[in-house]
Amino acid sequence: MVHYGKKVFEMYDLIIIGGGPAGLTAAIYASRYKLKTLVLTKNIGGMAVENPEIENYPGFGKISGGELMVKIGEHAEALGTEIRREQVKSVTKDKETFKIITEYDSEFKSKALIISTGLKRRKLGVKNEDKFKGRGISYCATCDGAFFDSKDVAVIGGGDSAAVATLILSEFAKQVYLIYRRDKFKRMLPAFQEKLGKRRNVKLLFNNRVTELGGDTNLEWAKLSDGTKLKLGGLFVEIGFEPEVPFKTNFELKKDSKGFIDVDKGMKTSEQAVFAAGDITNGSNLFQQIITSASEGAMAANSAYLYLAGGV
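Each chain carries its own residue numbering, running from 1 in the written order of its sequence. With the structure being a predicted model, the display of local features is reserved for residues of pLDDT at least 70 and the display and counting of side-chain atom pairs for 80 or more, all residues being used for whole-chain, interface and lining totals. Each side-chain value is worked out from all heavy atoms of the structure, with water and hydrogens disregarded.

(A) Structural detail: the sheet that holds strand β13 (residues 210-215). At least two DSSP bridges between two strands are required for those strands to pair. Secondary structure elements are defined from DSSP: runs of H or I of at least 4 residues count as helices, runs of E of at least 2 residues count as strands, and each element is numbered from the N terminus. Strand order in the open sheet made by the three strands is β13-β14-β15, with antiparallel pairing throughout. With partners counted over all chains shown, the strands left at the sheet margins are β13 and β15 (229-231), one partner each. Across the sheet, the axes of successive neighbouring strands diverge by a mean angle of 25°, strand direction being ignored. Lines fitted to the C-alpha atoms define the axes, with helices restricted to the stretch that makes contact. Angles between their N-to-C directions range from 0 to 180 degrees.

Right, dumping it as C-alpha cells:
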C-alpha cells in the first residue's frame, strides 16, 4: 500500500530514493535482510511503466512494464517495505545519519541511503519546443499516444525507446514518421527494426533532424534538415536520457563526465553509507535494461546490509 501525506522524523535502517526496477529490487533484498526500509519515489515503477510490452525479462514471455513493476512493488511490500509516493527535496548528512525532507515536508532519518532516481528525458533543443510542449510535443508515447488518433505524427530518435514509441503510435496515428540523424540504426534492437518494417503506416526518414517547429497555439509543422516541411499533429521526442538527481545534498558524489554517479562493483559511491543503483550509475548506462537495473539494486542492498552489519 503506497502512502501519502506528511510524516515527521521516523528512523529507518535504509531509505531508497527512487521506485523503479533498481529501487524496488533493492527494497526486496533489504527487507529480506530484515532492514527497516523506506522507498521514497514520485512515480512507482519509473520509466519502465511506459513500455507496453516487455519480452526479455526472465520468467515472463511477454508482460507490460506497468504490470511487471506492480508485481515487483507488491513483492517488496509483502516483505515489509514501506513505500511513500513523495518527491525528495533534500538530503542532509550529519555524522552517520541522513535526514530526508520531501515535497510534503515529511522528514525521515536513516543510517544508509540508496539513490536510484534513474533518468530524465533529453530535450530536442529547438526553438518553440517549450511553447508546444503538451500542445503537440510529447515525451511519452505510452502516456499520450491515444490523443493522436488518425493524425500524422513524427518520432525523433534511433534507439529502442524511439522504436517502442513508433510502434505504439502506429496503432493510433494515420501516419508515423521516424526521423533519425544517421543513415541506419546502430543502437536499435534488430527485433524492433523488423517490427517497424512491417508497419505500413510507418515511414523511416534517415539522415535528417528537426530544425524548426511552427504553428499557432498548437504544433502544426516541423521542418527537417533536408528542407522537407512535415505537417504534423504531434511530435514525440525520443533522443535519449540524462541522469536525474532532483534533490539537494550537503555532500558531493563523484560523477563521470556525463553526470552519472560513479560506483564500484558493490554499488558504493564516493560518500560513506551512500549507494547508487540503476540507470543513474556509470555502470548501468552501458546497457540500460530493467534486468541490469534490478541486479544493481540487489547489489546495492547487499552492500548497504554489510555496511550496517559491520561498518564495511
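(B) Examining helix α2 (residues 65-78) more closely. With 14 residues, α2 extends 20 Å between its outermost C-alpha atoms, agreeing within 8% with the 20 Å of an ideal straight helix rising 1.5 Å per residue. All of the buried residues along α2 are Gly-65, Leu-68, Met-69, Ile-72, Gly-73 and Ala-76. The buried side chains of α2 occupy one side of the element, clustering within an arc of 130° when seen end-on. Elements in contact with the buried residues of α2: α1 (21-32), β4 (82-84) and α6 (290-310). Following α2 by one or two positions, Gly-80 has its phi on the positive side, about 115°. Given a helix with a known number of residues, its expected span is that number minus one, times 1.5 Å. We call a residue buried when its accessible area falls under 20% of the maximum for its residue type, exposed when it is over 50%, and partly exposed in between, using a 1.4 Å probe and counting protein chains only. The arc refers to the directions leading from the helix axis to the C-beta atoms. The contact criterion used is simple: two residues touch if any of their non-hydrogen atoms lie within 4.5 Å.

(C) Summary view of the side chain of Thr-281. Tracing the chain through its elements places Thr-281 in the loop between β19 (274-276) and α6. N or O atoms within 3.5 Å of each other form a polar contact, as long as, within protein, one can give a hydrogen and the other can take it, and as long as residues adjacent in sequence are counted only when both atoms are side-chain atoms. At 2.9 Å, the side chain of Thr-281 forms a polar contact with the side chain of Glu-296. Setting aside residues no more than four positions away along its own chain, Thr-281 makes contact with Phe-260, Ile-261, Val-263, Ala-276 and Glu-296.

(D) Just the environment of Ser-110, in detail. Looking at the element boundaries, Ser-110 is found in strand β7 (residues 107-115). Residue Ser-110 is classed as buried on the basis of its relative accessible area, which comes to 0%. In this structure the C-alpha to C-alpha distance between Ser-110 and Leu-38, which are 72 residues apart in sequence, comes to 9.1 Å. Contacts of Ser-110, omitting those with residues within four sequence positions, involve Met-11, Tyr-12, Asp-13, Leu-14, Ile-15, Glu-96, Thr-97, Phe-98 and Ile-100. A polar contact is formed between the side chain of Ser-110 and the backbone oxygen of Ala-112, at a distance of 2.9 Å.

(E) Summary view of the side chain of Thr-117. Tracing the sequence through the fold places Thr-117 in the loop between β7 and β8 (119-121). The exposure class of Thr-117 is buried, given its relative accessible area of 18%. In this structure the side chain of Thr-117 is engaged in a polar contact, spanning 2.4 Å, whose partner is the backbone oxygen of Glu-244.

(F) Structural detail: the packing of α1 against α2. It is the contact of α1 with α2, at a shortest axis distance of 8 Å, that shows an interaxial angle of 25°. Considering the angle they form, α1 stands roughly parallel to α2. The chirality of how α1 crosses α2 is left-handed. Across the interface between the two elements, Pro-21, Leu-24, Thr-25, Ala-27, Ile-28 and Ser-31 of α1 pack against Met-69, Ile-72, Gly-73, His-75 and Ala-76 of α2. Side-chain classes are defined by residue name, with Ala, Val, Leu, Ile, Met, Phe, Trp, Tyr, Cys and Pro counting as nonpolar, Asp, Glu, Lys and Arg as charged, and the others, Gly among them, as polar. Considered class by class, the residues forming the contact of α1 with α2 number seven nonpolar, four polar and no charged. Any angle that falls under 35 degrees is termed roughly parallel, while one over 145 is termed roughly antiparallel, one within 65 to 115 roughly perpendicular, and all others oblique. For any pair of crossing helices, the crossing counts as left-handed if the nearer helix is rotated counterclockwise from the farther one by less than a right angle, and right-handed if it is rotated clockwise.

(G) Here's a closer look at the layout of surface pockets. Whether a set of points on the 1 Å grid over the protein atoms alone is a cavity depends on a 1.4 Å probe fitting there but being unable to get out, while an open set qualifies as a pocket with protein on both sides within 12 Å along at least five of seven lines; lining residues are those with an atom within 4 Å of a point. Grid points are joined across faces, edges and corners, and a volume is the space filled by probe spheres set on the points. Here the second largest pocket defines a volume of roughly 160 Å³. In terms of lining, the second largest pocket is formed by Ile-156, Gly-157, Gly-158, Ile-179, Tyr-180, Arg-181, Arg-187, Asn-208, Arg-209, Glu-238 and Ile-239.

(H) Region of the structure containing the nonpolar core. Buried Ala, Val, Leu, Ile, Met, Phe, Trp, Tyr and Cys residues that are joined via side-chain atoms within 4.5 Å together make up what is termed a nonpolar core. Leu-14, Ile-15, Val-91, Phe-98, Ile-100 and Leu-113 are the most contacted members of the largest nonpolar core, which totals 51 residues. Aside from chain neighbours lying at most four places away, what touches Val-91 is Ile-17, Phe-98, Lys-99, Ile-100, Leu-113, Phe-247, Lys-248, Thr-249, Asn-250 and Phe-251.

(I) Looking closely at the packing of aromatic side chains. Put simply, two rings from Phe, Tyr or Trp (the six-membered ring, in Trp's case) pair if the centres are within 6.5 Å, and we call them stacked under 30 degrees between planes, edge-to-face over 60, tilted for the rest. Applying the stated criterion to the full structure yields eight aromatic pairs. Through successive ring pairs, a cluster of aromatic residues spans Tyr-180, Phe-185 and Phe-206. Over the ring of Tyr-12 we find Lys-36; its NZ or CZ atom is 5.0 Å from the centre of that ring. The ring of Trp-221 has Lys-229 lying over it, and the distance from NZ or CZ to the ring centre is 4.1 Å. Lysine and arginine charges are scored as sitting over a ring when NZ or CZ, respectively, is within 6 Å of the ring centre and within 35 degrees of the ring normal.

(J) The arrangement of α6 in detail. Compared with an ideal rise of 1.5 Å per residue, which puts 21 residues at 30 Å, α6 spans 31 Å between its outermost C-alpha atoms and is within 8% of the ideal. Every buried residue of α6 is listed here: Ile-290, Thr-292, Ser-293, Ala-294, Glu-296, Gly-297, Ala-298, Ala-300, Ala-301, Ser-303, Ala-304 and Tyr-307.

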